[in-house]
Amino acid sequence: MSQIMIDDKENILNTYKRFNVVLTKGNGSILVDEDGKEYVDFSSGIGTNIYGVCDKEWVDAVCEQAHKLQHTSNLYYSEPQVKLAKLLCEKTGMKKVFFSNSGAESNECAIKTARKYSFDKYGEGRNEIITLVNSFHGRTIATLSATGQDVFHQFFFPFVEGFKHAPANDIEALDKLISNKTCAIMIETVQGEGGVNALNPEFIKYIDKVCKERDLVFIVDEVQTGNGRTGYLYSYMEYGVHPDVVTTAKGIAGGLPFGAILFSEKTEKTLGYGQHATTFGGNPICAAAAYSVISRIDDKLLNHVREMRKFIEEKLIGKPGIKSISGKGLMVGIEIDENIKAADVVAKGIENGVIMLTAKSKIRLLPPLNISKEDLNKGLDLLLKSMKELI
Ligand SMILES: *Cc1c(COP(=O)(O)O)cnc(C)c1O
């Protein structure tokens, strides 16, 4: 164990069961540890470093803004924010943007918006939000309450009232939960932490429809699926649906802490002066980084994401220990034989030189969106090698 690992355990709150590696630098989709050992990166820092490490345009955008002004309060106008908001609205057709620092905060804002939208129009009592079983929406008390997994509903009582959890892809069960108290439905189109499960298109379209019919706020949590990850700028765009609030974070600023909440015509006026705020949200360096990320998510990159997905499927399907591949684009879930633990494969991968993630019992891959076929191939060979050593 290196000194960094020892000091970490000594002084950092032990809330993470870390894997045995100290990452120090990288280039593109290759990461380097403290001993100079190289790894193919299939995690991008949990879907954040979407152009990998040391991407020149991103580094330039960050440095240029750092040399000008690192922060300004939201009490003043700031060009990087405005440029980014305009770009996001142009690319999505949404009407307004609020900037946050993280996924959980983006979802907090969405929850507040949904409840206020309903309060303004229908008064008190119409405040329930339906989310899905196996969803994940964040670690604050409200977003834990929104999260449809019992393991997250321990210790920290009382949780926030007013969340109901419907099983994914079950229209009948969803309908039973909708009442005159419901104000919103919130979904991930591909449940990330919950096991990389893509929802059925019919289910997504039904939610869009029922939200329009009953004037519910349709919230899509694109924290993980957004910003090109699934082969679309935002994953909902694949389905021809029109959410009222879209939340995102993770990849949006290429590895800096940043989030965005997008509002449709229906919700753009819901939050007014003094009703929501943040000190760091919209930070100019993060906004400049996000502009350099979002402005380059074009058809060429999105096609690359879809092509690389095909390549992953061709390479892995039918191989020893691998049962099925789930997810969309470069959000990949790998179901493996029950007698192999995903965390063991990840640990073995680190020995062999590939960094992977898990999601429930699956191996999860979130490689940089611009990963080359060569690096991808190399990493997949190391993944298969790691699997083989555990069978
Ligand atoms: C990661 C994640 C979050 C929480 O994001 P943080 O930035 O960690 O707060 C929320 N929703 C989804 C779908 C996520 O994947």
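Residues numbered from 1 in each chain as written. Predicted model: local features only at pLDDT ≥ 70, side-chain atom pairs only at ≥ 80, totals over all residues. Heavy atoms only, no water.

**Section: the packing of helix H4 (residues 79-92) against helix H9 (residues 284-294)**
For any two helices packed against each other, the geometry is given by the interaxial angle and the distance between the axes.
Okay, so step 1: At a minimum axis separation of 8 Å, H4 and H9 run at an interaxial angle of 35°. You can see that H4 and H9 cross each other, and the crossing is left-handed. Contacts from Pro-80, Gln-81, Lys-83, Leu-84, Leu-87, Leu-88 and Lys-91 in H4 reach Pro-284, Ala-287, Ala-288, Ala-290, Tyr-291 and Ile-294 in H9.
Okay, so step 2: Each residue belonging to the contact of H4 with H9 can be placed in one class, and the counts come to ten nonpolar, one polar and two charged. (Axes fitted to C-alpha atoms, helices over the stretch in contact; angles between N-to-C directions. Helix = DSSP H or I, 4+ residues; strand = E, 2+ residues; numbered from the N terminus. Left-handed = near helix turned anticlockwise from the far one by under 90°. Contact = heavy atoms within 4.5 Å. Nonpolar A, V, L, I, M, F, W, Y, C, P; charged D, E, K, R; others polar.)

**Looking at the site of the ligand**
Okay, so step 1: The immediate surroundings of the ligand are formed by Ser-102, Gly-103, Ala-104, Asn-107, Phe-136, His-137, Gly-138, Glu-188, Asp-221, Val-223, Gln-224 and Lys-250.
Okay, so step 2: Ala-104 places a polar main-chain atom, nitrogen or oxygen, 2.8 Å from an oxygen atom of the ligand.
Okay, so step 3: At 2.8 Å from a nitrogen atom of the ligand is found a side-chain nitrogen or oxygen belonging to Asp-221.
Okay, so step 4: Compared with its free state, where it exposes 380 Å², the ligand has 81% of that area covered by protein.
Okay, so step 5: For the shell around the ligand, the element with the most residues is helix H5 (residues 103-122), which contributes three residues.
Okay, so step 6: Considering only residue class, the shell around the ligand consists of three nonpolar, six polar and three charged. (Near = heavy atom within 4 Å. Polar contact = N/O pair within 3.5 Å; in protein donor to acceptor, adjacent residues only side chain to side chain. Areas by Shrake-Rupley, 256 points an atom, 1.4 Å probe, with all protein chains shown as cover.)

**Description of the pattern of salt bridges**
Okay, so step 1: Throughout the structure, instances matching the rule amount to 25 salt bridges.
Okay, so step 2: Between Glu-238 and Lys-328 there is a salt bridge; the shortest N-O distance is 3.0 Å. Of this pair, Glu-238 sits in the loop between strand S10 (217-221) and strand S11 (245-248) while Lys-328 is found in strand S13 (residues 322-328), placing the two residues 90 residues apart along the sequence.
Okay, so step 3: Measuring nitrogen to oxygen at the nearest pair gives 3.9 Å for the salt bridge that ties Lys-385 to Glu-389. With Lys-385 and Glu-389 both in helix H12 (residues 373-390) and four residues apart, the pair spans about one turn of that helix.
Okay, so step 4: With relative accessibility at 37%, the residue Glu-389 sits in the partly exposed group.
Okay, so step 5: Beyond isolated ion pairs, a larger network of salt bridges with shared partners links Lys-121, Asp-215, Asp-244 and Lys-266. (Salt bridge = Lys/Arg side-chain N within 4 Å of Asp/Glu carboxyl O. Buried < 20%, exposed > 50% of the residue type's maximum accessible area, 1.4 Å probe, protein only.)

**Some words on the sheet that holds strand S6 (residues 163-166)**
Okay, so step 1: The sheet built from seven strands is open, its strands ordered S4-S12-S11-S10-S7-S5-S6 with mixed pairing. The sheet is open, and its two borders are formed by strand S4 (96-100) and S6, each paired with just one other strand. On average, each strand axis in the sheet is inclined to that of its neighbour by 20°, with strand direction left out of account.
Okay, so step 2: On the sheet, H4 packs against S4 and strand S12 (259-263) and is oriented at approximately 130° with respect to S4. (Pairing = 2+ DSSP bridges.)

**As for the sheet that holds strand S2 (residues 30-33)**
Okay, so step 1: The four strands lie next to each other as S1-S2-S3-S15, forming an open sheet whose pairing is mixed. The outermost strands of the open sheet, each flanked by one partner alone, are strand S1 (23-27) and strand S15 (354-355).
Okay, so step 2: Direction of pairing for S1 relative to S2: antiparallel, over a ladder of four bridges. Pairing of Gly-26 across the sheet is with Leu-31, part of S2.
Okay, so step 3: Along the sheet face, H12 touches S2, strand S3 (38-41) and S15 and points at about 105° away from the line of S3.

**Some thoughts on the nonpolar core**
Okay, so step 1: The biggest cluster of nonpolar side chains holds 78 residues, and the ones touching the most others in it are Ile-185 and Ile-334.
Okay, so step 2: If sequence neighbours within four positions are ignored, Ile-334 has contacts with Leu-316, Ile-322, Ser-324, Ile-325, Lys-362, Ile-363, Leu-365 and Leu-383.
Okay, so step 3: Core analysis: the second largest hydrophobic core is formed by 17 residues, Tyr-117, Ala-184, Met-186 and Ile-219 among them. (Core = buried A, V, L, I, M, F, W, Y, C linked by side-chain atoms within 4.5 Å.)

**Here's the deal with the layout of surface pockets**
Okay, so step 1: As a volume, the second largest pocket reaches approximately 1,100 Å³.
Okay, so step 2: Lining the second largest pocket are 29 residues, and of these Asn-74, Gln-81, Val-97, Phe-98 and His-276 sit closest to its centre.
Okay, so step 3: If you list the elements that add at least two residues to the lining of the second largest pocket, you get H4 and S4.
Okay, so step 4: In terms of residue count, the dominant contributor to the lining of the second largest pocket is H4 (five residues).
Okay, so step 5: Grouping the constituent residues of the lining of the second largest pocket by class yields 13 nonpolar, twelve polar and four charged. (1 Å grid on protein atoms, 1.4 Å probe; cavity = no way out; pocket = protein on both sides within 12 Å on 5 of 7 lines; lining within 4 Å. Points joined across faces, edges and corners; volume = space filled by probe spheres on them.)

**Brief notes about the packing of aromatic side chains**
To describe a pair of aromatic rings, you give the distance between the ring centres and the angle between the ring planes.
Okay, so step 1: Counted by the stated rule, this structure contains four aromatic pairs.
Okay, so step 2: The interplanar angle of 55° and the centroid separation of 5.4 Å between the aromatic rings of Phe-136 and Phe-152 together place this pair among those described as tilted. Pair noted here: Phe-136 is in the loop between strand S5 (128-132) and helix H6 (141-146) and Phe-152 is in the loop between H6 and S6, with a separation of 16 residues, a long-range link.
Okay, so step 3: Judged by its relative accessible area of 16%, Phe-152 is buried.
Okay, so step 4: On the numbers, 5.3 Å between centres and 90° between planes, the contact of Phe-157 with Phe-159 is edge-to-face.
Okay, so step 5: Across the ring face of Tyr-232, the terminal group of Arg-306 is positioned such that the distance to the ring centre comes to 4.6 Å. (Phe/Tyr/Trp six-rings, centres within 6.5 Å; stacked < 30°, edge-to-face > 60°. Lys NZ or Arg CZ within 6 Å of the ring centre and 35° of its normal.)

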